[in-house]
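Architecture at a glance
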Amino acid sequence: MLISYWAIVSARFRSLLQYRAAALAGVGTQLFWGLIRVMIFQAFYRSSTTEQPMNIEDVSTYIWLGQAFLILVPWNLDTDLRAMIRTGNIGYELIRPVHLYGYWYCCAVAGHSAPVILRAVPIFVFAGAFMNLQAPASLAAAAAFVLSLVAAALLSSTFTTLFNVSMLWTISGEGIAAFARGFVYVFSGMIVPLPLFPDWTQPAIALLPFRGFIDTPFRIYLGHIPTNEAVLHLAHQMIWIVLMMMLGNWLMSRSLRRLVVQGG
């Protein structure tokens, strides 16, 4: 069974690597917005006299890491799957010789990892050469950062799969995805680095799963999370991966009990 899932991830991964033109367009867009975000925070730091928990150099690096790994944030639905549900071709998914949730989850993993490879490298080169992107705090921090990124991709895939499962109930799924997108962007650190949030919000932010997408790996990279504490944050990511997979499997089983195939 594991070989089957690995084959699904591998095949989907290779197919997504073909979209180089789309990745190049995405790189241009993310560089543009990255420059705007950096300038906004530079203006904020120059106009503020209050001591902040992060200096502007760390914030700039945090922003460029966010632009490089934007695809790790679960912000969209699987458009192919949505079309299959609307046309009735979802019936073909039900006869696959693998568990349906596992199949969709493997596709989500590939969808969050392949585009990152195509986009992250050029953004790293540009930001490192022209925008003072800092190197990892240490070799140990770099290794922990990579492990946390892998966990972030797995965690993000659980949310994407959950959004996809919701389409079995709602057909389109746009409402749930749009509602969740706001929480994901705000509480993952994608809009504002989480250390800059008010102190009274930090306990809730630390408990929620969203920081596992962006904030946890980036703060490990910067050295804000010491390597001897990284295992606790990795455990936080893994716990939420298990919980979200359990929720997704339960909703999948519930939805398949009375599934009505649309179209025809």
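About the cut-offs
Residues numbered from 1 in each chain as written. Predicted model: local features only at pLDDT ≥ 70, side-chain atom pairs only at ≥ 80, totals over all residues. Heavy atoms only, no water. Helix = DSSP H or I, 4+ residues; strand = E, 2+ residues; numbered from the N terminus. Rg over C-alpha atoms; globule rule 2.2 N^0.38 Å. Buried < 20%, exposed > 50% of the residue type's maximum accessible area, 1.4 Å probe, protein only. Areas by Shrake-Rupley, 256 points an atom, 1.4 Å probe, with all protein chains shown as cover. Lys, Arg positive; Asp, Glu negative; His and termini not counted. Charge placed at Lys NZ, Arg CZ, Asp CG, Glu CD. Disulfide = S-S within 2.5 Å. Contact = heavy atoms within 4.5 Å. Patch = residues over 30% accessible without salt bridge, like charges linked within 9 Å, V, L, I, M, F, W, Y side chains within 5 Å. Salt bridge = Lys/Arg side-chain N within 4 Å of Asp/Glu carboxyl O. Core = buried A, V, L, I, M, F, W, Y, C linked by side-chain atoms within 4.5 Å. Arc of directions from axis to C-beta. Phe/Tyr/Trp six-rings, centres within 6.5 Å; stacked < 30°, edge-to-face > 60°. 1 Å grid on protein atoms, 1.4 Å probe; cavity = no way out; pocket = protein on both sides within 12 Å on 5 of 7 lines; lining within 4 Å. Points joined across faces, edges and corners; volume = space filled by probe spheres on them. Nonpolar A, V, L, I, M, F, W, Y, C, P; charged D, E, K, R; others polar.

Attention now moves to the overall build of the protein chain. Along the protein chain, the regular secondary structure elements total 11 helices and 0 strands. For 264 residues, the compact-globule formula gives about 18 Å, and the C-alpha radius of gyration of the protein chain, at 19 Å, lands near that figure. The buried share among the 264 residues of the protein chain stands at 46%. For the protein chain, the computed accessible surface area is about 13,500 Å², with 68% contributed by carbon and sulfur atoms. Side-chain charges of the protein chain comprise 15 positive and 10 negative groups, with the mean position of each set lying 13 Å from the other.

The next subject is the state of the cysteines. For the coordinates displayed, the defined rule picks out 0 disulfides. C107 provides the cysteine sulfur closest to C106, a residue in no disulfide bond, and the two sulfurs are 7.0 Å apart. Residue C106 is classed as buried on the basis of its relative accessible area, which comes to 7%.

Moving on: the side chain of T161. Tracing the backbone shows T161 in helix α7 (residues 139-170). Residue T161 is classed as buried on the basis of its relative accessible area, which comes to 0%. Apart from the residues within four sequence positions on either side, T161 is in contact with Y101, W104, Y105 and A108.

A grouping of Y92, L94, I95 and L256 is seen on the molecular surface, where their side chains present a nonpolar patch of about 420 Å² in accessible area. With respect to the secondary-structure elements, Y92 resides in helix α5 (residues 90-93).

On to the nonpolar core. F69 and W104 are the most contacted members of the largest nonpolar core, which totals 73 residues. The leading source of residues in this core is helix α6 (residues 100-130), at 14 residues. Look past the residues within four positions of F69 in its chain and what remains in contact with it is V116, A120, F124, F145, L149, I214 and F218.

Applying the stated rule across the entire model yields 1 salt bridge. In this structure, D215 engages R219 in a salt bridge whose closest nitrogen and oxygen atoms are separated by 3.1 Å. Of the two residues, D215 and R219 both sit in helix α10 (residues 215-222), 4 residues apart, roughly one turn of that helix. For R219, a relative accessible area of 22% translates into the label partly exposed.

On to helix α4 (residues 79-87), then. Those residues of α4 not exposed but buried are L81, R82 and I85. For α4, the angular spread of the buried residues around the axis is 100 degrees, confining them to a single face. Just downstream of α4 lies G88, where phi reads positive at about 95 degrees.

With that out of the way, let us pick up the packing of aromatic side chains. On inspection of all chains with the given rule, the structure shows 15 aromatic pairs. Ring centres 5.9 Å apart and planes at 50 degrees place the aromatic pair F159 and F210 in the tilted group. Residue F159 is located in helix α7, and its partner F210 is located in the loop between α9 (202-207) and α10; the two are separated by 51 residues in the primary sequence. An aromatic cluster is built from Y62, F69, F124, F145, F218 and Y221, whose rings are joined through pairwise contacts.

A few words on the layout of surface pockets. What the largest pocket holds in volume is close to 720 Å³. As for the largest pocket, its lining consists of 25 residues, and the residues nearest its centre are R12, L16, L77, G111 and P115. Of all the elements in the fold, those that place two or more residues in the lining of the largest pocket are α1 (2-16), α2 (20-47), α4, α6 and α7. Looking at the lining of the largest pocket element by element, the count peaks at 8 residues for α6. Tallied by class, residues from the lining of the largest pocket come to 14 nonpolar, 7 polar and 4 charged. In this structure, the second largest pocket encloses a volume near 410 Å³. Around the second largest pocket, the lining comprises 19 residues; the ones closest to its centre are V109, S113, V150, A153 and L154. Of all the elements, α6 adds the most residues to the lining of the second largest pocket, at 8 residues. Looking at side-chain class alone, the lining of the second largest pocket contains 16 nonpolar, 3 polar and no charged residues.

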